[in-house]
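# Secondary and tertiary structure notes
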Amino acid sequence: MSKIAFIYPGQGAQVCGMGQDFYEQTEIGKQVFDLATEILGFSVPELCFTKNDRLDITEYTQAAMVTTSIAMTKVLEEKGVKPDVAAGLSLGEYCALYAAGAMTEKDAIATVRQRGILMQEAVPVGQGAMAAILAMDASAIEEVISGIDGVQIANYNCPGQIVISGKKEAVETACEKLKEAGAKRAIMLNVSGPFHSRMLTGAGEKLGEVLEQVEIHPLSIPYVANVTAEYVTDAADVKPLLMKQVSSSVRWEQSVRAMLADGVDTFIEIGPGKTLAGFMKKIDRTVKVLNIEKLEDVDKVVEELRC
């Protein structure tokens, strides 16, 4: 028997147009989008399925991503596919919490909307920045940036791809020093804030106030937390970890390695894009990675798992 992990991408995937077939062709998918519209007070199908500038704004992107991924998850689960563990990159962690039974879809969607607003408001536009550092070991990056105040690693995505975040000037300085130290490339990212940096500590604290109103249910399966890259089985640990996650490094590579060590041999990426599948090729090429991006992918995954 395969040991299955559901994994969920974070912000940065192309959301526009994704999930429309789940909305139009499945009753359970339509219910999720309609619920999101009711919760958020604007048309989520219109947000997701038509070209618009709002999808470039964090508070809208996060809600769109989570709604879409949860709709896809419910359709897959209706076909009898259940995970043994779940994990998500950054905001994808909320989808993982839904898959693990810790959050209802209503609470996951409503909370990420508030999370997006808090993250957007935390730092004035232009003061923060993020950059992708390619083809350099994480330990070498850590060493170079340790002497630069105001910058830290935001994402340990996979070997050869690390993202740094923090004050704009500090990130720019770090990019120059990292290139001098041997990084193949240092690419400034087109983002609206310094996500997963200490500049968002206040946003994490405010998120804690939002989470006080959210009920965390006993977990039906474990999930892997971004902050620790460890399995979480106790519902009491969820809220403190989500608060820290906003301003802490996302340890995605380490999270995947924790699941591999636990015997996970099949990863199903659920949501727009195939970003996590790309990371997986650099972490461990030997494991099976499947994708749910279109409705037709659901039957392909079900068939693949039967083999």
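One structure accompanies this document, and this report is about it. Fair warning: this is a prediction, and the values are worked out from it, not measured in the lab.

Moving on, we come to the sheet that holds strand β6 (residues 185-188). With antiparallel pairing, the 4 strands of this open sheet are ordered in space as β4-β5-β3-β6. Strand pairing shows two members of the sheet lacking a second neighbour, β4 (151-158) and β6, which therefore form its edges. Strand-to-strand twist in this sheet, taken as the mean axis angle between neighbours without regard to direction, amounts to 25°. Across the face of the sheet, helix α7 (residues 138-145) comes into contact with β3 (128-134), β4 and β5 (161-167) while running at roughly 175° to β4. Helix α12 (residues 275-283) rests against β4 and β5 of the sheet, and its axis sits at about 80° to β4.

Okay, the side chain of Thr68 next. Within the element layout of this structure, Thr68 appears in helix α4 (residues 58-78). What makes Thr68 buried here is its relative accessible area of 0%. Look past the residues within four positions of Thr68 in its chain and what remains in contact with it is Met18, Gly19, Phe33, Cys48 and Pro272.

A few words now on the pairing of strand β9 (residues 266-270). Taking burial as the measure, the 5 residues of β9 include 5 buried ones, the bulk of the element. Residues Thr266, Ile268 and Ile270 line one face of β9 and the alternating positions Phe267 and Glu269 line the opposite face, and both faces are buried. Strand direction decides the pairing type here: strand β1 (residues 4-8) and β9, joined by 4 bridges, are parallel. Paired with Phe6 across the bridge in β9 is Ile268. Handedness of the crossover is the feature at issue here: the chain leaves β9, passes through α12, returns alongside strand β10 (residues 288-292), and the resulting connection is right-handed.

Of the pockets and cavities examined, the second largest pocket occupies roughly 160 Å³. Lys274, Leu290, Asn291, Glu293, Lys294, Asp297, Lys300, Val301 and Glu304 together form the lining of the second largest pocket. For the lining of the second largest pocket, the secondary structure elements donating two or more residues are β10 and α13 (295-306). In terms of residue class, the lining of the second largest pocket is built from 2 nonpolar, 1 polar and 6 charged.

Note that an α-helix has 3.6 residues per turn; residues three or four places apart therefore point the same way. Residues Leu295, Asp297, Val298, Val301 and Val302 constitute the buried set of α13. An end-on view of α13 places all buried positions within 140° of arc, on one side of the element. Among the structural elements, α1 (20-25), α4, β9 and β10 are those in contact with the buried residues of α13.

Cut-offs and rules
- Residues numbered from 1 in each chain as written.
- Predicted model: local features only at pLDDT ≥ 70, side-chain atom pairs only at ≥ 80, totals over all residues.
- Heavy atoms only, no water.
- Pairing = 2+ DSSP bridges.
- Helix = DSSP H or I, 4+ residues; strand = E, 2+ residues; numbered from the N terminus.
- Axes fitted to C-alpha atoms, helices over the stretch in contact; angles between N-to-C directions.
- Contact = heavy atoms within 4.5 Å.
- Buried < 20%, exposed > 50% of the residue type's maximum accessible area, 1.4 Å probe, protein only.
- Right-handed = clockwise from strand over helix to strand, strands pointing away.
- 1 Å grid on protein atoms, 1.4 Å probe; cavity = no way out; pocket = protein on both sides within 12 Å on 5 of 7 lines; lining within 4 Å.
- Points joined across faces, edges and corners; volume = space filled by probe spheres on them.
- Nonpolar A, V, L, I, M, F, W, Y, C, P; charged D, E, K, R; others polar.
- Arc of directions from axis to C-beta.

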